[in-house]
Amino acid sequence: ELKEIVFVIQSQSNSFHSKRAEDLKRDILKQAADLGKELPIVLLIHEIDRHEGAWTILPLMRDFSIAYGRNSSWIFFCEEDTRIQVVKLLETLGRFDASKEWFLGKALYDEESTIIHHYAFAENPTVFKFPDFAAGWALSIPLVNKLAIKLKSEPLKSDFTIDLKHEIALYIWQKGDGPHLTPVPEFCTDDVNSYKVDQCATTFSNFLPLCKEPVKKEDVFVAVKTCRKFHGDRIPVVKQTWEREAALIEYYSDYADSSIPTIDLGVPNTERGHCGKTFAILERFLNHSSPRTPWLVIVDDDTLISIFRLRKLLSCYDPNEAVFLGERYGYGLGTGGYSYITGGGGMVFSRPAVQKLLASKCRCYSMDAPDDMVLGMCFSGLGIPITHSPLFHQARPMDYPKDYLSHQIPISFHKHWNIDPVKVYFTWLAPNAEEVLNGKKVGYNREDL
């Protein structure tokens, strides 16, 4: 029965994202009403705010077990852009005995072991499957109850949340004592217009959000963090690739080099962390850029980014809100920690976010503290939410499953290690003619990189 499924939308509190999630909730409830069925429960993760780490899902298992452990059969999770055919989903879940422990989803796996997953399953990374959240995924209630009991006796130990879908699958698997992910072909990431859609209980819109005209080039100020030792090899890559997409760009270093040109902020280079440098950039943006420039992007000198696509994405956000946007990681969320935007993929700030941050007393505890984590701690203390976009990437294209990237139009990748970064940019990020002309969904010829 439909009433035995609890739908959980992996929503966010930012106004653009919460509206998307509300639209999906309405659609699920309308489909249920049209079927003449008793309405299911539909929850939005960002409204379950007792947990700073609600988005990491595992801390919610005890709540789910208490609230739904007796009268429900399944908890079905999805993203705000997942589209659900409720009748087909009922049919699909009906194939499985809900009195047993099931972990269902569209399976992803690593082609080679990767730093994102701490090089797990290095001998053969393809053996371990984890769910593509975009296609939706489901847990049977007996498995939810089992996880709740385990979490009560053994609180989550992991300090960092880096790739949630992989980490949840690892936790459920319990080193072989728990269930593996069971692949379900009806959980799809095909576009709603695909010929395969008739077979799918879920589909996914793989487009770049564009809510209004793209924000103007002059509305995005780009700050590149560099240092003298990388002027010769990393900066030329930026200049060959994405620099031309930025109208306002400055390079911040520990040495003023007029040929680039770089600006010496008077902050000595540190081997790691760079918190002092980042806060100096934030001060400079607030005090020296035009107050009419609404957006600041801070990237590393080995970040590859599409400013062209970022301008489209930013059309969906209100520059008068405090927005802190990028790829979200978590630290210590099982024990009341905080979320943060990981720096390598690029950190995007609205001007009000920078104003509120600098008006507070929150600063680096040392010059070489990790800047992205300190910013996460500060924004958490200020009650300003982190806004996650999976289109920003802390690693290289080959560090992600091909099937995962196939339904994305990415905004950034990071690191030049063992790749040709210029080739990566032109394969994955450079705007092509069709994209420039009409902003339509684009197919990419992405050779293996």
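Positions within a chain are numbered from 1, following the residues in the order the chain's sequence is written. At least 70 in pLDDT is required for a residue's local features to be given in this predicted model, at least 80 for side-chain atom pairs to be given and counted, and no such filter applies to totals for whole chains, interfaces and linings, which use all residues. Excluded from the side-chain calculation are hydrogens and water; included are all heavy atoms of the structure.

As annotated in an unreviewed UniProt entry, the protein chain is B3GLT glucosyltransferase from Asarcornis scutulata.

(A) Expanded view of the side chain of Thr 226. The way it works is that DSSP assigns letters per residue, a run of H or I at least four long becomes a helix, a run of E at least two long becomes a strand, and they are numbered from the N terminus. Inspection of the secondary structure assignment puts Thr 226 in the loop between strand 12 (220–225) and helix 6 (235–240). Each residue is assigned to one of three classes by its accessible area relative to the maximum for its type, calculated with a 1.4 Å probe on protein chains only: buried under 20%, partly exposed between the two thresholds, exposed over 50%. In this structure Thr 226 comes out as buried when scored by relative accessible area, which is 2%. Definition of a polar contact: a pair of N or O atoms within 3.5 Å, with one able to donate and the other able to accept a hydrogen when the atoms are protein atoms, and with sequence-neighbouring residues admitted only if both atoms are side-chain atoms. A polar side-chain atom of Thr 226 sits 2.8 Å from a polar atom in the side chain of Asp 301. It only takes one pair of heavy atoms within 4.5 Å for two residues to be counted as in contact. Beyond its immediate stretch of four places on either side in the chain, Thr 226 contacts His 231, Ile 235, Tyr 251, Tyr 252, Ser 253, Asp 254, Thr 262, Lys 277 and Asp 301.

(B) Structural detail: the nonpolar core. Throughout this description, the term nonpolar core refers to a set of buried Ala, Val, Leu, Ile, Met, Phe, Trp, Tyr and Cys residues connected via side-chain atoms within 4.5 Å. Counting 84 residues, the largest nonpolar core has Met 61, Phe 64 and Leu 139 as its most contacted members. Element by element, the count of residues in this core is highest for helix 5 (residues 164–173), at 6 residues. Source of the domain bounds: an automatic or database domain assignment. Summarising the domain contributions, this core has at least three residues from each of domain 1 (2–204) and domain 2 (217–438). Among the nonpolar cores identified, the runner-up in size contains 26 residues, and Ala 223, Tyr 252, Val 354 and Leu 375 belong to it.

(C) Up close: the sheet that holds strand 3 (residues 74–78). Strand order across the open sheet formed by 6 strands is 2-1-3-8-5-10, with mixed pairing between neighbours. Each having just a single partner strand, strand 2 (41–44) and strand 10 (182–183) make up the two edges of the open sheet. The pairing criterion for strands is at least two bridges between them, as found by DSSP. For strand 5 (residues 103–105) and strand 8 (residues 137–140), the ladder comprises 3 bridges, and the chain directions are antiparallel. Within strand 8, the position partnered with Leu 104 by the bridge is Ala 138. On top of the sheet, helix 3 (residues 86–94) reaches strand 1 (5–9), strand 3, strand 5 and strand 8; it is set at about 120 degrees to strand 1, its chief contact. To define axes, lines are fitted to C-alpha atoms, for helices over the stretch in contact only, and angles between the resulting N-to-C directions are given on a 0 to 180 degree scale.

(D) Expanded view of helix 10 (residues 371–382). Helix span is expected to be 1.5 Å times the residue number reduced by one. Taking 1.5 Å as the rise per residue, helix 10 with 12 residues should run 16 Å; its terminal C-alpha atoms sit 16 Å apart, in good agreement. Positive backbone phi, approximately 75 degrees, marks Gly 383, located one or two places after helix 10.

(E) Summary view of the confidence of the model for the protein chain. Averaged over every residue, the pLDDT of the protein chain is 93; the share at 70 or more is 96%. Contacts of residues 440–449 to residues separated by more than four positions or lying in other chains number 27 contacts, the stretch itself having pLDDT below 50. Per-residue confidence from the prediction method is given by pLDDT, with values spanning 0 to 100.

(F) Expanded view of the domain arrangement of the protein chain. Segmentation of the protein chain into domains returns domain 1 (2–204) and domain 2 (217–438). Computed over C-alpha atoms, the centres of domain 1 and domain 2 are 30 Å apart. Contacts between domain 1 and domain 2 engage 29 residues on the former and 30 residues on the latter. Taking both partners together, domain 1 and domain 2 bury about 2600 Å²; carbon and sulfur atoms supply 54% of that area. Accessible surface is computed with a 1.4 Å probe, and the buried area is the amount of it that two parts give up when combined, taken over both parts together. It is Gln 12, Glu 52 and Trp 55 in domain 1 that bury the most area against domain 2; as a group they hold 20% of the surface buried on that side. Basic side-chain nitrogens of Lys or Arg form a salt bridge, by our definition, when they fall within 4 Å of a carboxyl oxygen of Asp or Glu. Summed over the shared surface of domain 1 and domain 2, the number is 1 salt bridge. The partner of Lys 106 in a salt bridge is Asp 403, with the nearest N and O atoms 3.2 Å apart. Our count for the domain 1 to domain 2 interface comes out at 9 residue pairs in polar contact (both at pLDDT 80 or more). Broken down by secondary-structure element, the contributors of at least two residues to the side of domain 1 that touches domain 2 are helix 1 (15–34) and strand 9 (160–161). Throughout this entry, Asp, Glu, Lys and Arg are counted as charged residues, while Ala, Val, Leu, Ile, Met, Phe, Trp, Tyr, Cys and Pro are counted as nonpolar. The remaining residues, Gly among them, count as polar. Of the residues belonging to the side of domain 1 that touches domain 2, the class tally is 11 nonpolar, 10 polar and 8 charged.

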